[in-house]
Amino acid sequence: MFQAKLEPLVVPGDAAGGGLEMLQFSGDMDAYGANGALCRMPGVPSGPGGTLVYFGCADCGETATRIEPAGGRIHRPKMSIGEYGFIVLAFDTECNLIGLHSMA
């Protein structure tokens, strides 16, 4: 959906990762934005009730057009948050609520 390549990330010192699965977002340490990873941990279920993470994008409405084809669903379509831009709320394929944010 984000048109970003995710690379497997191995926990240092533990080739098996202790059951932890991690996929790293590529990023540039000298550029604006947050780098990070998606993680799946044994015994920690996905779904609502966790932290709501917003992903910055050029146009959250345009990015949102790729949510349903990727297996997610829109919870709240693009809406204005005044001088702070626009947001979209959506559920990913594991029912985690995520946010998209843009100024346009």
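Every residue gets a number counted from 1 within its own chain, in the order that chain's sequence is written. Predicted model: local features are reported for residues with pLDDT of at least 70 only, side-chain atom pairs are reported and counted for 80 or more only, and whole-chain, interface and lining totals are derived from all residues. Remark: hydrogens and water are excluded; side-chain values derive from all non-hydrogen atoms of the structure.

## Considering the side chain of Ser-102
Next up, step 1: By the secondary structure assignment, Ser-102 is in strand β7 (residues 97-102).
Next up, step 2: Only protein chains enter the accessibility calculation, which uses a 1.4 Å probe; a residue whose area is less than 20% of its type maximum is buried, one above 50% is exposed, and one in between is partly exposed. According to the relative accessible area criterion, Ser-102 is buried, its value standing at 2%.
Next up, step 3: Any N or O atom pair separated by 3.5 Å or less is treated as a polar contact, with the protein-specific requirement of one donor-capable and one acceptor-capable atom, and with residues adjacent in sequence counted only for side-chain atom pairs. Within the structure, the side chain of Ser-102 is placed 2.9 Å from the backbone nitrogen of Cys-60, a separation counted as a polar contact.
Next up, step 4: Here the side chain of Ser-102 touches Ala-104 through a polar contact of 2.8 Å, landing on its backbone oxygen.
Next up, step 5: By definition, residues are in contact when any of their heavy atoms lie within 4.5 Å. Not counting residues within four places of it along the chain, the set of residues in contact with Ser-102 comprises Cys-57, Ala-58, Asp-59, Cys-60, Tyr-84, Gly-85 and Phe-86. Runs of H or I in DSSP of at least four residues are treated as helices and runs of E of at least two as strands, each being numbered from the N terminus.

## Description of the sheet that holds strand β1 (residues 6-8)
Next up, step 1: In spatial order, the strands read β1-β2-β3; together these three strands make up an open sheet with antiparallel pairing. Since the sheet does not close on itself, it has two edges, and those belong to β1 and β3 (37-40), each with one partner. Strand-to-strand, the axes of this sheet are offset by a mean angle of 25°, without reference to chain direction.
Next up, step 2: Here β1 runs beside strand β2 (residues 21-25); their pairing, made up of three bridges, is antiparallel. Two strands qualify as a pair provided that DSSP identifies no fewer than 2 bridges between them. Note on geometry: axes are lines fitted to C-alpha atoms, helical ones only across the stretch in contact, with angles between N-to-C directions running from 0 to 180 degrees.

## Topic: the nonpolar core
Next up, step 1: As used in this record, nonpolar core signifies buried Ala, Val, Leu, Ile, Met, Phe, Trp, Tyr and Cys residues forming a set joined through side-chain atoms within 4.5 Å. Formed by Cys-57, Cys-60, Ala-64, Ile-67, Val-88, Ala-90, Ile-98 and Leu-100, the largest nonpolar core amounts to eight residues.
Next up, step 2: The set of elements that each furnish at least two residues to this core consists of α1 (60-64), β6 (86-91) and β7.
Next up, step 3: Filtering out sequence-adjacent residues up to four positions away, Ile-98 remains in contact with Met-1, Phe-2, Leu-52, Val-53, Phe-55, Val-88, Leu-89 and Ala-90.

## Some remarks on the sheet that holds β7
Next up, step 1: One open sheet accounts for four strands, arranged β4-β7-β6-β5; its pairing is mixed. The open sheet has two edge strands, β4 (53-56) and β5 (73-80), and neither has a second partner. Direction aside, neighbouring strands of the sheet carry axes that sit 20° apart on average.
Next up, step 2: Sheet topology note: the β5/β6 ladder contains five bridges and is antiparallel. Across the sheet, residue Ser-80 finds its bridge partner in β6, namely Phe-86.

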